[in-house]
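Coordinate analysis (summary)
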Amino acid sequence: MAKKVLITGASSGIGRDMAKIFDSYGCELILVARREDRLRALAECLNGTPRIIPMDIGTAQGAQVLYELTKNENIDILINNAGFGVFGDFTQTSTARETEMIRLNVEAMHILFKLFLKDFKEKNSGYILNTASAAAFAPGPYMAAYYASKAYVLRLTQAVAYELEEADSEVSVSALCPGPVATEFNKVAGVHFSVSPLSSKYVAQYAIQQMFRKKTVIIPGTSMKLAALASKIVPSYLACKVCAEVQKHKGNTRKNTA
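Model, not experiment: these values are computed from the prediction.

Thresholds, definitions, all that
- Residues numbered from 1 in each chain as written.
- Predicted model: local features only at pLDDT ≥ 70, side-chain atom pairs only at ≥ 80, totals over all residues.
- Heavy atoms only, no water.
- Buried < 20%, exposed > 50% of the residue type's maximum accessible area, 1.4 Å probe, protein only.
- Helix = DSSP H or I, 4+ residues; strand = E, 2+ residues; numbered from the N terminus.
- Pairing = 2+ DSSP bridges.
- Right-handed = clockwise from strand over helix to strand, strands pointing away.
- Phe/Tyr/Trp six-rings, centres within 6.5 Å; stacked < 30°, edge-to-face > 60°.
- Core = buried A, V, L, I, M, F, W, Y, C linked by side-chain atoms within 4.5 Å.
- Contact = heavy atoms within 4.5 Å.

All right, on to the pairing of strand β1 (residues 4–8) then. β1 sits mainly inside the fold: 5 of its 5 residues count as buried. Residues K4, L6 and T8 line one face of β1 and the alternating positions V5 and I7 line the opposite face, and both faces are buried. Two strands pair when backbone bridges link them, and β1 and strand β2 (residues 28–33) are joined in this way by 5 bridges, in the parallel orientation. When the sheet's bridge partners are listed, L6 is paired in β2 with I30. Tracing the backbone out of β1, into helix α1 (residues 13–24) and back to the parallel element β2 gives a crossover that is right-handed.

Right, here's the structure in full:
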């Protein structure tokens, strides 16, 4: 599998494990994250010699710069994985931190998705995997902005997948929608999970397998598949109430205040 893969958010969690899996497939890697020390440590663990790009893509300018740096690399796969969450009552969370999250989870994801998709469509091949979340399936009190940002990722990916199908394109786009995963996410968001999380290695392996099968919405784990199914039949208010109770068990809703 001689493919070239660009992974954002590659320094930890799902992105890091995807890098290891693609490396085992013999792929060429371009790894992007803010923390250069983490990227270099990852590179030393790999069999290949990845290109590492330590940068913050959490702005429109950052995303555009990353594209300009890599657009001539003949990339086959984009893993649009960078993102984080903010936990707390909407009136108490930091507006600056939430805006930073929206720029990364939505704006940067959107820009990279669009720019690389244009290139992929032109050559009529390629895969794009956008990391959304099971949070995308319902409103999420106490993580309201995060849930909304991931709903954007999911719906955008689904809509674009339909457009590609209508155009008879060979390009495949997928949204990864995991539930709780054992990564640094909970530490950054200031939460702890009330259910046992899946390992990031399992989620990464499952996501890659399903991406290559051209699955549009990828949901690792039986419980999350059932939750996604339930979200289609449960009234929004009830889903909102259930999510609120789940969030309250994740931590003190007064954390991450402005």
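After that view, the rundown keeps rolling.
Another point: the sheet that holds strand β6 (residues 172–176). Read across the open sheet, the 7 strands follow the order β3-β2-β1-β4-β5-β6-β9; overall the sheet is parallel. This sheet does not close on itself; its edge strands, each paired only once, are β3 (51–54) and β9 (217–218). One ladder, built from 4 bridges, connects β2 with β3; its direction is parallel. Each bridged residue has a counterpart across the sheet, and for I30 the counterpart in β3 is R51.

The next thing to look at is the packing of aromatic side chains. Under the counting rule described, the total for this entry stands at 7 aromatic pairs. Here the aromatic rings of F116 and F120 are separated by 6.4 Å at their centres, their planes lie at 55°, and the arrangement is tilted. In this pair, F116 and F120 both sit in helix α4 (residues 95–123), 4 residues apart, roughly one turn of the helix. The same class applies to F116 as to F120, namely buried. An aromatic cluster is built from F22, Y25, Y127 and F212, whose rings are joined through pairwise contacts.

Counting 52 residues, the largest nonpolar core has V32, I57, L112, F113, F116, L117 and V173 as the members making the most contacts within it. If you list the elements that add at least two residues to this core, you get β2, α3 (60–70), α4, α5 (144–166), β6, α8 (222–231) and α9 (236–248). Top contributing element to this core by residue count: α4, with 11 residues. Ignoring sequence-local partners within four residues, the contact set of L117 consists of L112, I128, V160, L164, V171 and V173. Of all hydrophobic cores here, the second largest spans 30 residues; its members include I14, F22, L39 and I79.

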